[in-house]
Amino acid sequence: MPTGDDHLGLRGIDHVGIAVPDLDEAIALYTGVFGLRCVHREQNDEQGVREAMLEAGDQGGTRIQLLAPLSAQSPIATFLDRRGPGVQQVAYRVADIDAAGAALRERGARLLYETPRRGTEGSLVNFVHPRSAGGVLVELVQPAAPD
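Residues numbered from 1 in each chain as written. Predicted model: local features only at pLDDT ≥ 70, side-chain atom pairs only at ≥ 80, totals over all residues. Heavy atoms only, no water.

K.L.:
Tell me about the overall build of the protein chain, residues and numbers included.
P.N.:
A count of helices and strands for the protein chain gives three helices and eight strands. Starting at the N terminus and walking to the C terminus, you meet the elements of the protein chain as β-α-β-β-β-α-β-α-β-β-β. Here the C-alpha atoms of the protein chain give a radius of gyration of 15 Å, agreeing with the 15 Å that 2.2 N^0.38 yields for 147 residues. Considered along the principal axes of its C-alpha atoms, the protein chain spans approximately 45 × 35 × 25 Å. In the protein chain, 55% of the contacts between residues at least 6 apart in sequence involve partners at least 24 apart. Accessible surface, the protein chain: about 8,200 Å² in total, of which carbon and sulfur atoms supply 50%. Of the charged side chains in the protein chain, 14 are positive and 20 negative, and the gap between their average positions amounts to 5 Å. (Helix = DSSP H or I, 4+ residues; strand = E, 2+ residues; numbered from the N terminus. Rg over C-alpha atoms; globule rule 2.2 N^0.38 Å. Contact = heavy atoms within 4.5 Å. Areas by Shrake-Rupley, 256 points an atom, 1.4 Å probe, with all protein chains shown as cover. Lys, Arg positive; Asp, Glu negative; His and termini not counted. Charge placed at Lys NZ, Arg CZ, Asp CG, Glu CD.)

K.L.:
Explain the side chain of Ser74 residue by residue, including any values.
P.N.:
Within the secondary structure layout, Ser74 lies in the loop between strand E4 (63-69) and helix H2 (75-83). One polar contact links the side chain of Ser74 to the main-chain carbonyl oxygen of Gly48, over a distance of 2.8 Å. The contacts of Ser74, once residues within four sequence positions are left out, are Gln47, Gly48, Val49 and Pro69. (Polar contact = N/O pair within 3.5 Å; in protein donor to acceptor, adjacent residues only side chain to side chain.)

K.L.:
I'd like a rundown of the pairing of strand E8 (residues 138-142), residues and numbers included.
P.N.:
With respect to burial, E8 is a largely interior element, four of its five residues being buried. In this sheet, E8 lies alongside strand E5 (residues 86-94) in parallel orientation, the contact comprising four bridges. Looking at E8, one finds that Arg93 is bridged to Val141. Here strand E7 (residues 124-128) runs beside E8; their pairing, made up of five bridges, is antiparallel. Note that in E8 the partner of Asn126 across the bridge is Leu140. (Buried < 20%, exposed > 50% of the residue type's maximum accessible area, 1.4 Å probe, protein only. Pairing = 2+ DSSP bridges.)

K.L.:
So what's going on with the pattern of salt bridges? Which residues, and what values?
P.N.:
According to the stated counting rule, one finds eight salt bridges in the structure shown. Between Asp24 and Arg41 there is a salt bridge, with its nearest N and O atoms 2.7 Å apart. In this pair, Asp24 is assigned in helix H1 (residues 23-32) and Arg41 in strand E2 (residues 37-44), connecting sequence segments 17 residues apart. Looking at Arg41, the relative accessible area reads 42%, which means it is partly exposed. The residue Arg50 makes a salt bridge to Asp24 at a minimum N-O spacing of 3.6 Å. With Arg50 in strand E3 (residues 49-55) and Asp24 in helix H1, this residue pair connects regions lying 26 residues apart in the sequence. Because the salt bridges share partners, they merge into one network encompassing Arg37, Glu55, Arg63 and Glu121. (Salt bridge = Lys/Arg side-chain N within 4 Å of Asp/Glu carboxyl O.)

K.L.:
Tell me about the confidence of the model for the protein chain, and please be specific about residues and values.
P.N.:
Summarising the model, the protein chain shows a mean pLDDT of 92, and 95% of its residues fall at 70 or more. Here strand E1 (residues 10-19) stands out as the least confident element of the protein chain, with mean pLDDT 94; H1 is the most confident, with 98. (pLDDT = per-residue confidence, 0-100.)

Next comes the structure, spelled out in structure tokens:
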């Protein structure tokens, strides 16, 4: 079995995704109670979510991603129906999402998508099925190239 991240190119935790029924209420909670700053909001029709990224301090490090469903058919709506609000996924930043996906498949991991999809702020994303990751939905994130 490989050790460390080998050819995965892991750069650290990108964000922790939290499923919420109401995005505006969740933003108010995390900004008002915990003092986080909302640094980005968008609607991702492909993923079926409205989302917000929040940060603590001025370091621009690991973020909290709040995810609210756009419809009852959204994967986030299904998650909320089954488990209620809470941590939905842990996302790791990778240097090359295609290489990371190939390395994980070689190790027997099941990815949800054959090819990466568009994520927050133009990033590329794919997910490792929880059955391949100790019961945790793992997201791989390759940030968009800077302008």
